[in-house]
Amino acid sequence: MGGGDAAGPAETTEAWTRVRKFVAGYASGVALVVVGHPFDTIKVRMQSEGGRGKFKGVWDCVRTTVAKEGPRGLYKGMAVPLVMTGVVNSLLFGMHYNFVSEIAKLRGHARATLSDTCAAAVASGALISIIVTPMEGIKARLQVQYNSSAKGAYKGPVDCATRVYQNLGLTRGIYRGWLPVCLCRMSNYSYFGSYAVISSSVARMVRDDHTEGEKLPFIASFIAGGASGICFWLSCYPIDVVKNKIQAAPDTWPAKYSGLTGAFRHILRTEGIRGLFVGFTPCALRAFPANAAAFVGFEAAMWLLPE
């Protein structure tokens with residue numbers, strides 16, 4: 001019958017266990033973008049302008065954007081992340097939680113430890129940076145394009161990507177800013193690590209009989225997800241400022257910034273240490289609801305998908 005070549009029930013179950021995490025990760029990404037993109041637009045605009053730019057503060061940036069571009073201005077550049085963040089989070093969450101399982105096995109742990117979780121987060125973050133750098137670069141360029149009808153303005157994400165590649169190529173254009181993106185993504189140790197600790201603690205507060213490995217109550221996912229987003233940004237915000245400075249800079253060669261250290265020195269010289277925290281308020285305001293939505297989306301999908 002050749003039955004030896006067919007996958008048995010155990011192999012099929014193990015494969016679905018892995019795939020299920022990727023599917024749930026997609027739901028997480030969509031929830032993250034829908035809730036968080038307007039905050040992200042304000043953050044990127046303030047970062048690219050700097051502390052002495054055209055905006056006097058967060059609310060001035062919001063008012064100016066809505067007054068000149070309408071509410072749709074807050075959603076500029078969302079098309080790419082809405083599609084791609086689902087894919088990215090699918091890969092990120094899928095890789096991360098599968099890496100956690102494999103690292104725990106390699107270290108002989110019956111259950112994953114915090115160290116296993118953080119190691120998996122660093123590895124998955126480094127890998128995902130290869131995929132997200134082009135997406136973040138296109139998004140940043142579109143978000144700081146204040147007049148879409150101006151001569152030479154990008155008409156959308158496809159036009160932007162095409163022209164950047166034609167004019168600057170892959171490394172100087174599409175992948176400009178990869179190093180700070182990679183460093184930011186490797187900071188996911190603070191994201192997934194804090195989520196593991198906080199969600200477990202909140203779950204035990206909600207239910208005395210909660211045990212490790214059990215499905216989490218949604219309130220635990222909501223609180224821990226929001227808190228983990230704040231922890232993540234506290235761990236890497238200055239690098240994110242540098243990243244957006246580099247990616248949102250004019251598409252010229254030689255580039256405005258010589259690289260990560262060049263952009264960092266420029267910010268310190270022209271804006272001081274405060275320049276590394278420009279836009280932190282909208283980022284912090286976004287961090288809780290957006291990441292709470294992301295983890296609730298992930299856990300909800302894990303609940304709904306068959307085991």
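Refer to the structure presented above.
Keep in mind that what you see is a predicted model, and the values were worked out from it rather than measured.

Rules and cut-offs
- Residues numbered from 1 in each chain as written.
- Predicted model: local features only at pLDDT ≥ 70, side-chain atom pairs only at ≥ 80, totals over all residues.
- Heavy atoms only, no water.
- Helix = DSSP H or I, 4+ residues; strand = E, 2+ residues; numbered from the N terminus.
- Expected span 1.5 Å × (residues − 1).
- Bend = angle between axes of the 7 residues up to and from the residue.
- Buried < 20%, exposed > 50% of the residue type's maximum accessible area, 1.4 Å probe, protein only.
- Patch = residues over 30% accessible without salt bridge, like charges linked within 9 Å, V, L, I, M, F, W, Y side chains within 5 Å.
- Areas by Shrake-Rupley, 256 points an atom, 1.4 Å probe, with all protein chains shown as cover.
- Salt bridge = Lys/Arg side-chain N within 4 Å of Asp/Glu carboxyl O.
- Core = buried A, V, L, I, M, F, W, Y, C linked by side-chain atoms within 4.5 Å.
- Contact = heavy atoms within 4.5 Å.
- Phe/Tyr/Trp six-rings, centres within 6.5 Å; stacked < 30°, edge-to-face > 60°.

Caption draft 1: Looking closely at helix α9 (residues 218–247). Look at α9: only 36 Å from first C-alpha to last across 30 residues, short of the 44 Å you get at 1.5 Å a residue. Approximately 70 degrees is the largest bend angle found in α9, and it occurs at C236, with the proline P238 only one to four residues beyond.

Caption draft 2: Quick look at the environment of A292. Mapped onto the secondary structure, A292 falls in helix α11 (residues 280–304). A relative accessible area of 0% means that A292 is categorised as buried. Spatially, the C-alpha atom of A292 lies 18 Å from that of L304, the residues being 12 residues apart in sequence.

Caption draft 3: Inspection of a nonpolar patch on the surface at higher detail. The grouping of L127, I130, I131, W178, L179 and L183 at the surface amounts to a nonpolar patch, some 480 Å² of accessible area in total. Looking at the nonpolar patch, the elements that each hand over two or more residues are α4 (114–143) and α7 (178–186). By the secondary structure assignment, L183 is in helix α7.

Caption draft 4: Region of the structure containing the nonpolar core. Judged by nonpolar contacts, the single largest core of 42 residues is most densely connected at F93, I128, Y191, F192, W233, V242 and F295. Per-element accounting of this core gives the leading share, 9 residues, to α9. Sequence-distant contacts of Y191, that is, excluding residues within four places in its chain, are made with F93, S228, G229, F232, N291, A294 and F295. Of all hydrophobic cores here, the second largest spans 7 residues; its members include I42, M46, F55 and V58.

Caption draft 5: How the structure looks around the environment of A67. Along the chain, A67 turns up in helix α2 (residues 58–69). A67 sits in the exposed class, given a relative accessible area of 67%. Measuring from C-alpha to C-alpha, the distance between A67 and R269 comes to 33 Å, with 202 residues separating the pair along the chain.

Caption draft 6: Fine view of unusual backbone geometry. The step from W253 to P254 runs through a cis peptide bond, and the omega angle for that step is 5 degrees. Of note, P254 is situated in the loop between α9 and α10 (260–271).

Caption draft 7: Looking closely at the packing of aromatic side chains. Taken as a whole and judged by the stated rule, the model has 17 aromatic pairs. Between Y97 and F192 the ring centres are 5.8 Å apart and the planes differ by 85 degrees, which places this aromatic pair in the edge-to-face class. Note that Y97 is positioned in helix α3 (residues 79–106) and F192 in helix α8 (residues 188–206), a separation of 95 residues in sequence. For F192, a relative accessible area of 2% gives the class buried. Seen in terms of ring centroids, F222 and F288 are 5.6 Å apart; in terms of plane orientation they differ by 70 degrees. Their pairing is edge-to-face. Within this pair, whereas F222 is found in helix α9, its partner F288 is found in helix α11, the two being separated by 66 residues in sequence. Chaining the aromatic ring pairs together yields one cluster made of F93, Y97, Y191, F192, Y195, F232, W233, Y237, F277, F280, F295 and F298.

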